[in-house]
Amino acid sequence: MNRIPVLPVLAGLLLAYLLVPIVAFAVRLAGSGGAAAAPGVGAALVTSLVTATIATVVIGVLGVPLGYLLARRRGRVAAALGVLVQLPLALPPLISGVLLVYLVGPYAPLGALTGGRLTDTRIGIVLAQVFVAAPFLVVAARSAFAAVDPALTDVAATLGHGRLSRFVRVALPVAGGGIRAGLLLAWLRAFGEFGATVILAYHPYTLPVFTYVQFGSTGLPATVLPVAVALLAALTVLVAADHLRLPRRRRQAVLPAPVRPNGRPGPLIGFDLTATVGGFGLAVAHPPGARTLAILGPSGAGKSMTLRALAGLLPAAGRVTLTGDGGPERLAGLDPEHREIGYLPQDPALLPQLTVWRQVLFGVGADPAVAAYWLDRLGLADLADRRPDQLSGGQRRRVALARALTRRPRLLLLDEPFAGLDTPVRDELRHELRALQRDTGMATVLVTHDPDEAALLADEVLLLSAGTVRQQGRQEEVYAHPCDPRAARLLGIRNLTAGTVGPGGVLRCGAAAVCDTDLPAGTDVTWCVRPDQITLSTMDGAGAAGGLAGRVVDVVRLAAFTETVIELPTGDRLTATRTGPAPEPATPVRLAIPPDAVTLWPSR
Ligand SMILES: Nc1ncnc2c1ncn2[C@@H]1O[C@H](COP(=O)(O)OP(=O)(O)OP(=O)(O)O)[C@@H](O)[C@H]1O
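Keep in mind it's a predicted model, so treat the numbers as computed, not measured.

(A) Structural view of the packing of aromatic side chains. Within the structure shown, the criterion is met by 8 aromatic pairs. Ring centres of Y68 and F145 lie 5.1 Å apart, and the angle between their planes is 75°; this geometry places the pair in the edge-to-face category. Taken together, the residues span a long stretch of sequence, with Y68 in helix 2 (residues 41-72) and F145 in helix 7 (residues 122-146) at a distance of 77 residues. Per residue, the accessibility class of Y68 equals that of F145, and both read buried. Aromatic side chains Y205 and F210 sit 6.3 Å apart centroid to centroid with 55° between the ring planes, which places their arrangement in the tilted category. Residue Y205 is classed as partly exposed on the basis of its relative accessible area, which comes to 26%. A residue is classified by how much of its surface remains accessible, and F210, at 4% relative accessible area, is buried. In this structure an aromatic cluster arises from ring pairing among Y68, F145 and F167.

(B) Region of interest: the site of the ligand. Neighbouring residues of the ligand: 14 residues in total, closest S299, G300, K303, S304 and H449. Within the contact set of the ligand, an oxygen atom lies 3.0 Å away from a backbone nitrogen or oxygen of A301. One of the side-chain nitrogen or oxygen atoms of K303 is found 2.7 Å away from an oxygen atom of the ligand. For the ligand, whose free accessible area comes to 640 Å², the fraction covered by protein is 59%. Per element, the largest residue contribution to the shell around the ligand is 3 residues, and it comes from helix 14 (residues 303-311).

(C) Up close: helix 12 (residues 207-218). Here helix 12 spans 16 Å end to end across 12 residues, near enough to the 16 Å set by a 1.5 Å rise per residue. Considering only its buried residues, helix 12 is in contact with helix 2, helix 10 (176-192), helix 11 (195-200) and helix 13 (224-243). Phi turns positive one or two residues past the end of helix 12, at G219, with a value near 90°.

(D) Region of interest: a positive patch on the surface. Together, R72, R73, R74 and R163 make up a region of like positive charge exposed at the surface. Within the secondary structure, R72 sits in helix 2.

(E) A look at the environment of F362. As for its placement among the helices and strands, F362 is situated in the loop between helix 15 (356-360) and helix 16 (368-377). The spacing of F362 and S465 is 103 residues in sequence and 36 Å in space, taken between C-alpha atoms. Setting aside its immediate chain neighbours within four residues, F362 contacts A156, L159, H161, R169, V170, L351 and L354.

(F) Geometry of empty space enclosed by the protein. Counted by the stated rule, this structure contains 4 cavities of 30 Å³ or more. Lining the largest cavity, in full, are L344, R397, R398, L401, L414, P417, F418, L429 and L433. Take the lining of the largest cavity: its biggest share by element is 3 residues, from helix 17 (residues 393-406). Of the residues contributing to the lining of the largest cavity, the split by class is 7 nonpolar, no polar and 2 charged. By volume, the second largest cavity is sized at about 50 Å³. A class-by-class count of the residues in the lining of the second largest cavity yields 5 nonpolar, 1 polar and 1 charged.

Conventions adopted
Residues numbered from 1 in each chain as written. Predicted model: local features only at pLDDT ≥ 70, side-chain atom pairs only at ≥ 80, totals over all residues. Heavy atoms only, no water. Phe/Tyr/Trp six-rings, centres within 6.5 Å; stacked < 30°, edge-to-face > 60°. Helix = DSSP H or I, 4+ residues; strand = E, 2+ residues; numbered from the N terminus. Buried < 20%, exposed > 50% of the residue type's maximum accessible area, 1.4 Å probe, protein only. Near = heavy atom within 4 Å. Polar contact = N/O pair within 3.5 Å; in protein donor to acceptor, adjacent residues only side chain to side chain. Areas by Shrake-Rupley, 256 points an atom, 1.4 Å probe, with all protein chains shown as cover. Expected span 1.5 Å × (residues − 1). Contact = heavy atoms within 4.5 Å. Patch = residues over 30% accessible without salt bridge, like charges linked within 9 Å, V, L, I, M, F, W, Y side chains within 5 Å. Salt bridge = Lys/Arg side-chain N within 4 Å of Asp/Glu carboxyl O. Lys, Arg positive; Asp, Glu negative; His and termini not counted. Charge placed at Lys NZ, Arg CZ, Asp CG, Glu CD. 1 Å grid on protein atoms, 1.4 Å probe; cavity = no way out; pocket = protein on both sides within 12 Å on 5 of 7 lines; lining within 4 Å. Points joined across faces, edges and corners; volume = space filled by probe spheres on them. Nonpolar A, V, L, I, M, F, W, Y, C, P; charged D, E, K, R; others polar.

Quick look at the structure:
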């Protein structure tokens, strides 16, 4: 059985309904050998073209900011205004005209004040058109602005752009397509407006009013010419709007000679912040101690929120203190554009319409010679003329890094900068960043899920859990002495095993003693031992006596070493790493664990 192509049929039906009357009219017009003369049609056309264009300019100038604010504001008032602004769409235009008469009619205060010039004039026509057509632009602009990634404006703020500049240079270009569509709709609606106009400004005739008058006085034949003129004008505008695009400048970037920015060692980072977002409370404090800090924590712990609060992108109480050569400086209350803090969100947030070269120059006061230096240093000089959609993920992140560095921030905030990249690119970028930290003394706060990344890129570590600090301090201290099993898990420490202290304070695993403790018998504990501290021996080999008995359940041969997973008689599993050959799966083995390599935490 032949399937009916449902979608084309449905689409075709509507298309036919929309086009058939127009085509039928054109055929009839051609068959009748032309239209009867209609004196005054030219003046009516001019009136419609001029007033619709003025109305569209007014709607654009006022409606684009309104759409922007409605898209960005949250809360009931904004939601209510968003609904109310669409009301003129729902009203019959005649009623809109009556409402306008109450406002600007000759006997209304505004009308009287202007000597009745707001009705039965071109101004009156424009007023009617604006009222009826504005919602088309506002609704389109609001949806276009709502679709702009907030990370773009956030990053622009940290690059020194104030509110107006963020609107003009970020939101407007990104939402440009939707706004253009809204303006076109508004123009067409204004050009075709009849109901409100006929009430508010019957004279001078617009094309719709002229057509109505012709129809009323002489009947259908006298409407042929105005209808033909209206169709032609609307079609011309539609075609022109479809083809008219502002020419894109395609000049190749000419990079100046790179100049290495003068290194200035970054400040020590300290903060004490509290914030609440949507019921989630953040209370995080860190004393100034180092230039590089890594924030680790489970998903939803508040890591990104902490970075945003540091950048000034989130209303937060408390203080941020950067302690440089000139002593401590408090940033609380400063807008993000004045903090000189670079911010790389999880998404690189590149502006889609700008080439790589324009991206790195986007920061306020960006020095082209310094921008050229970072492009060169980060291996991007050959990509200067590409747009973001022509770059790989790793290249996009490099561009975001070069853009932030070109402004010479005092502190760079990086939110999982290498997530989602493949291992070689991630390793390359991590080492690039480490080299930058070393070469420039740059201060960084890095959010990561990866304990190895934190160890590589930070002198201090802060473990965050449910919006509060679980543990913090020098990286080697925290890694060596996690405060509890959850902290240990966050640090990627393996072999966490539950146990109970036996008589004499001895921690046992099954029958075998693991270590002595000074805890009372019966205390439940979690203990762990680093995989590289476990020595394995086969049951029949040397050193087979003593230790814990177990059975190999898996052997993972990695490039540098082998991981052997051993199951103990208790059902617990431990992983041991070694560089030499490893026993095969199912082999019975013994594990020697040095007592002083055991860390344990009594259960609370
Ligand atoms: N705009 C918001 N409205 C309501 N809740 C929010 C908002 N932004 C974040 N949250 C909540 O705040 C908490 C902290 O979010 P945050 O993005 O800081 O987590 P995170 O630690 O960075 O997590 P991940 O590692 O998954 O990125 C989460 O529970 C999140 O759901």
